[in-house]
Amino acid sequence: MRQNRGPKGNKVHESPRLLQRIAEREKNCGLRIAIIGSPNVGKSVLYNILTGGKASIANWPGSTVEYHVGELKHPGGKGICLIDLPGTYSLLPTSPEEEVTRDYLIYQKPEYIMVLLDALSPEKSLAIVIQAIEAFPGRVFIVVTKSQLAHAHGVHIDFAGLSKLLGVPVIPVSALENIGLRDLKEFITKLREEKPQFEPKLRIKYGILEDIIGRITNEDVVKVFSNKTGADSRWLVLNMLSGDKHLFYDASLLIGKEKAETLGELIVKATEEFKKIYGRNPSDLIIEHRFALLRKIVSRTVVRYERGAGESFIDRLFHNPIIGPLLSLAILLATFFIAFSINTGFPLNIILDKAGFPGLAGFIETHSLSGLLSYAFGLLGESAKNFFGGAIGSLIGDGIINGVGFVLSFLPLILIVFLIIAVLEDTGLVARMSYSFHHVLEPFGLSGKSLFPLMMGIGCNVPAVLSTRALTETERKRALFAVPFIPCQARLAVIIAFTAAFFHNPLVQSLAVLALYMIGFLAAILTTLLLSVFYSKRRGEPRKIELLLEVPPLHKPSWRVVWWYVKENSSHFLKKAGTIIFFMSIITWFLTVYGPHGFTSDASGSLAAILGRKLSFALKPLGLGEEESWKLTFALLEGLVAKEVVLGSLAVIEGLPQSAGSSILQHYVLTGSQVFSFLVIVTIYMPCIATLAAMVGELRDVKKPLLYLVYSILLAFILGYLSYFILSFIL
Amino acid sequence: MWRWRRRGRSWRGGFPEAYPGRGGEVFPLLLAPTGSRVIVVEIDGPPFVHDRIIALGIVRGQELEIIKNNHLDFGLGPIIVRTSGMEIAVGRGMASYIMVKHEAK
């Protein structure tokens, strides 16, 4: 029996036998991904969800005693095997279970290794992450579990920063709340297609040990061993120096007894030598250095807050079901007021204008961030157009530069809105608003968490769509399709221009604006209701969203955490939505400047205008004349790019400068009910390209947003006709 | 299998007499008054509800402190509980699935 035991006397012979059994099970595996992590990291839960298996979830450390091999449950996941290995705190095994984990990695050589990091206690679970990266560089990626819960415990982790610091992908998930799982599954399926080699930047300097490590790493025996195991030779040396005697046993199995013995002699000699010179054990030094790095990583990427005792004053306000919702609304409206004033001047410019300071209002509008940006890009585009001339000049000036400018003009708004969200989120106010508003939104098939996207929609629908990411999958679909009906500032600009031109009584003007906002919100709520009643029933989802929300401790915002949030989300927007917006604005440019006879500078002869004429029947029920109806249809078509373009395109047809404002509309003869019903259509008829792009990006699906486009157009015209019908009776 | 569903629905129109918890020791969290301390006895509900509750650390035997029960105090709004250093807002639907009893004095 003795020869079957390893140097420590553990029954290590069991590992190879187990491994053989696993090898049989892995016959059909095209790609193997081993899952490792410290005990209680949530490995079994994640594994069960990823594979759709039905292993039990236990609550004590090291619940996974045996191997589990399962196939990824995802379209395109066939042949991708996930291997659930026993939980271990370190790759330096101290128990037979941990030996099994380590042995699997070096005997079976899985293509990729998924290391789990517990978001609740990153300090505890980072050790295995660091070791895994050291041991198998290029094959390791990190999945952060319980990422959703971390905030409730006052823990913030900079996932992007961690990824950058370590040089490996980091994917945050929350298995039970179904957050980030799709990203993870897609990432895994991509691994099989692309087989990327990650380039970890992590390299621990072991100080005085470096000399020995470098010397032994260069030995041929170590190189052979490294080739056999697929592990980094440096890590093998480190582990052997740390006193991992079991590794010699592995070596004798893998590279033969003789070479293993020379290896053992080398290590023992080096250790003795080191002890003699420095009087210290190399294993202690190695652990010290690793922990120093761990502390450095934690201090750079993790921020922690403690919760105070008792119910604070602010909490007491939010706990009240009547004061709470009102306070939430007040906070949201106040912060958005400030943000949008900085960005576009709205609504401060309108208030100043109405208060009798039109000069100041104009100043604020032109000196706002997006005002300055659009001015700069307007100049740039104009000069490029003049420089190149003709169709190419128009493409560069009007198409490309305008498109880039359009994407960039969204950026300040997105940044500011994300900054607000980050501050509210970080301080813990969002969670408090959500639960205090829950009972108001519950009847409509939403939870209190949807308050935030809906309110943000008043400013701009694009960040509102992006911010639905915090919701659960069921609720998210509802909120995502409701948000684009909320009238944004771009639509407000059109609404104000039309009402100012056609309604002369200020009371009627403001009533009309208010009514349009109400109709927008009603359309949003109608959509969530329809989705929650019909769509969810078919899919077996609950109609009402139950609230179960972790409330993080209330604290002052940490600017580091805010910056992490803003950086990550805005780059996400630029990458995903930016490209779609850019290409769509080039397509619309093409439609506006190309007619049946090629390039034309006359907009009324362009493809878009012809399309407008063809589709003008849609506005006929409003009792419009021939001329008005095709021009307004053309404006609606152009409004797909952005709702404010509705006004600008009318100016283009009339041959007026775009800045002419409501004076453009003087050429039109429209009745009050016609104007109002047209505005209803403008408000609801479809989300702009940017919103649509954000929706496609968020849903990762083109079909649903397109279906939604049809739905919104139908709804807009139905509501438009209806309001015309009712108004023409009343007026 | 459909037991939870029938139960959940029948609670909407007030608490039914047939339920053994009424007046006894075991009752839903929904009816735990503000400021009381209770122990979780059982977690009911469909799988997706059950899993979400357990994921937050509300498991059998867990002690909960009710910071605010808006259902009893106002008739609307969530129940705020505190457990193991974490504060959780539990919606009224969820709270009706969590069966609790008072802490033994």
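What you see is a predicted model; the values in this text were computed from it and never measured. (Residues numbered from 1 in each chain as written. Chains lettered and ligands numbered in written order. Predicted model: local features only at pLDDT ≥ 70, side-chain atom pairs only at ≥ 80, totals over all residues. Heavy atoms only, no water.)

Counting secondary structure elements, chain A contains 32 helices and eleven strands. Taken over 731 residues, chain A has a buried fraction of 56%. Once local pairs closer than 6 in sequence are excluded, the contacts in chain A between residues at least 24 apart make up 73%. Counting only carbon and sulfur atoms, one obtains 63% of the accessible surface of chain A, whose full area is about 31800 Å². (Helix = DSSP H or I, 4+ residues; strand = E, 2+ residues; numbered from the N terminus. Buried < 20%, exposed > 50% of the residue type's maximum accessible area, 1.4 Å probe, protein only. Contact = heavy atoms within 4.5 Å. Areas by Shrake-Rupley, 256 points an atom, 1.4 Å probe, with all protein chains shown as cover.)

Further remarks concern the overall build of chain B. Summing up its helical and strand segments, chain B has four helices and six strands in all. Counting from the amino terminus, chain B carries its helices and strands in the arrangement α-β-β-α-β-α-β-β-α-β. The burial tally for chain B puts 48% of its 105 residues in the buried class. Partitioning the contacts of chain B with sequence separation of at least 6, the portion at a separation of at least 24 is 59%. Summing over all exposed atoms, chain B offers an accessible surface of approximately 5300 Å²; the carbon and sulfur share of this is 52%.

To continue, consider the interface of chain B and chain A. Contact residues are listed per partner, giving 27 residues for chain B and 23 residues for chain A. The interface formed by chain B and chain A holds zero salt bridges in total. When contributions to the side of chain B that touches chain A are tallied by element, the ones reaching two or more residues are α2 (47–55), β3 (63–69), β4 (79–83), β5 (86–90) and α4 (92–95) of chain B. For the side of chain B that touches chain A, the class distribution of residues is 15 nonpolar, six polar and six charged. Bridge count between strand β9 (residues 548–551) of chain A and β5(B): four bridges; the pairing is antiparallel. Its bridge partner lying in β5(B), L549(A) is registered against A89(B). (Salt bridge = Lys/Arg side-chain N within 4 Å of Asp/Glu carboxyl O. Nonpolar A, V, L, I, M, F, W, Y, C, P; charged D, E, K, R; others polar. Pairing = 2+ DSSP bridges.)

A separate point is the nonpolar core. Within the largest apolar cluster, 106 residues are counted, with the highest numbers of intra-cluster contacts made by L332(A), L424(A), Y435(A), F498(A), L619(A), L636(A) and I681(A). Among the nonpolar cores identified, the runner-up in size contains 69 residues, and V168(A), A231(A), I255(A) and I267(A) belong to it. (Core = buried A, V, L, I, M, F, W, Y, C linked by side-chain atoms within 4.5 Å.)

Residues and elements named next belong to chain A. Overall, the coordinates contain 16 salt bridges over all chains when judged by the stated rule. Of the charged contacts in the structure, one is a salt bridge between R280 and E288, with a shortest N-O distance of 2.7 Å. Looking at E288, the relative accessible area reads 41%, which means it is partly exposed. Connected through shared salt-bridge partners, D183, E186 and R700 make up one network.

Here we take up the packing of aromatic side chains. Residues and elements named next belong to chain A. Applying the stated criterion across every chain, the model contains 17 aromatic pairs over all chains. Taking the centre distance of 5.9 Å and the plane angle of 50 degrees together, the rings of Y112 and F198 count as tilted. Within this pair, whereas Y112 is found in strand β4 (residues 112–118), its partner F198 is found in the loop between α7 (181–194) and α8 (210–217), the two being separated by 86 residues in sequence. The exposure class of Y112 is buried, given its relative accessible area of 3%. Ring pairing ties together the aromatic residues Y112, F141, F187 and F198, which thus form one cluster. Sitting over the ring of W630, R613 keeps its end group 4.1 Å from the ring centre. (Phe/Tyr/Trp six-rings, centres within 6.5 Å; stacked < 30°, edge-to-face > 60°. Lys NZ or Arg CZ within 6 Å of the ring centre and 35° of its normal.)

Residues and elements named next belong to chain A. Looking only at helix α6 (residues 159–166), the buried set comprises F159, G161, L162 and L166. The arc enclosing the buried residues of α6, seen along the axis, measures out at 160 degrees, which places them on a common side. Where α6 begins, one side-chain oxygen reaches toward the backbone nitrogen of A160, 3.4 Å away; that side chain belongs to D158. Just downstream of α6 lies G167, where phi reads positive at about 80 degrees. (Arc of directions from axis to C-beta. Polar contact = N/O pair within 3.5 Å; in protein donor to acceptor, adjacent residues only side chain to side chain.)

As a further point, take the pairing of strand β5 (residues 140–145) of chain A. Residues and elements named next belong to chain A. For β5, the buried fraction is high: six of the six residues fall into the buried class. Neither face of β5 is exposed, since V140, I142 and V144 on one face and F141, V143 and T145 on the opposite face are all buried. When β4 meets β5, the two strands line up parallel, connected through six bridges. By the bridge assignment for β5, M114 is matched with F141. Handedness of the crossover joining β4 and β5 through helix α4 (residues 122–135) is recorded here as right-handed. (Right-handed = clockwise from strand over helix to strand, strands pointing away.)

Attention now goes to the side chain of R478(A). Residues and elements named next belong to chain A. Structurally, R478 can be placed in helix α23 (residues 473–482). Of the polar contacts made by the side chain of R478, one reaches the backbone oxygen of R543; its length is 2.8 Å. Every residue in contact with R478, bar those within four places of it in the chain, is listed here: G445, L446, T528, L531, S532, S536, P542, R543 and I545.

Bringing the sheet that holds β9(A) into the picture now. Read across the sheet, seven strands follow the order β9(A)-β5(B)-β4(B)-β3(B)-β2(B)-β6(B)-β1(B) without closing on themselves; strand pairing throughout is antiparallel. Edge positions in the open sheet fall to β9 of chain A together with β1 (26–28) of chain B, since each of these has one partner strand only. The sheet shows a mean angle of 40 degrees between the axes of neighbouring strands, taken without regard to direction. In terms of strand pairing, β3(B) meets β4(B) through four bridges, oriented antiparallel. Paired with I66(B) across the bridge in β4(B) is V81(B). (Axes fitted to C-alpha atoms, helices over the stretch in contact; angles between N-to-C directions.)

Time to look at the sheet that holds strand β3 (residues 80–84) of chain A. Residues and elements named next belong to chain A. Pairing in this open sheet of six strands is mixed, and the strands run β2-β3-β1-β4-β5-β7 from one edge to the other. The open sheet is flanked by β2 (68–71) and β7 (170–172), the only strands paired with a single partner. Direction aside, neighbouring strands of the sheet carry axes that sit 25 degrees apart on average. Across three bridges, the pairing between β5 and β7 is parallel.

So, on to the packing of helix α30 (residues 672–684) of chain A against helix α32 (residues 703–730) of chain A. All names here are of chain A. Contact pair α30 / α32: the axes reach a minimum separation of 8 Å and the direction vectors enclose 160 degrees. As judged from the angle between their axes, α30 and α32 are roughly antiparallel. When the axes of α30 and α32 are compared, the crossing they make is right-handed. Two secondary-structure elements touch here, α30 through S673, Q674, F676, S677, V680, I681 and I684 and α32 through S712, L715, A716, F717, L719, G720, S723, Y724, L727 and S728. (Parallel < 35°, antiparallel > 145°, perpendicular 65-115°, else oblique. Left-handed = near helix turned anticlockwise from the far one by under 90°.)

Residues and elements named next belong to chain A. Of note, D118 is situated in strand β4. Given a relative accessible area of 7%, D118 falls into the buried group. At 2.9 Å, the side chain of D118 forms a polar contact with the backbone nitrogen of L120. What D118 contacts, discounting residues up to four positions off in sequence, is N40, V41, S125, T145 and K146.

Next up on the list: unusual backbone geometry. Residues and elements named next belong to chain A. Positive phi, close to 55 degrees, is recorded for K146, a residue that is not glycine. Mapped onto the secondary structure, K146 falls in the loop between β5 and α5 (147–152). A relative accessible area of 23% places K146 in the partly exposed class. Positive phi, normally seen in glycine, also occurs at K195, with a value near 45 degrees. Assessed through its relative accessible area of 47%, K195 is described here as partly exposed.

A separate point is the packing of helix α24 (residues 489–502) of chain A against α30(A). Residues and elements named next belong to chain A. One way to put it is that α24 packs onto α30 with a least axis distance of 10 Å and a crossing angle of 175 degrees. One finds that α24 runs roughly antiparallel with respect to α30. Contacts between α24 and α30 involve R491, V494, I495, F498, T499 and F502 from the first element and V675, F678, L679, V682 and T683 from the second. Along the lines of polarity and charge, the residues of the contact of α24 with α30 split into eight nonpolar, two polar and one charged.

The predicted model of chain A has a mean per-residue pLDDT of 80, with 90% of residues at 70 or higher. Note that pLDDT drops below 50 for residues 54–65 of chain A; the model gives that stretch 21 contacts with residues more than four away or on any other chain. (pLDDT = per-residue confidence, 0-100.)

Here the focus is the environment of E644(A). Residue placement: E644(A) occurs in the loop between α28 (626–638) and α29 (645–654). Here the alpha-carbon distance between E644(A) and A490(A), two residues 154 residues apart in the chain, equals 4.9 Å.

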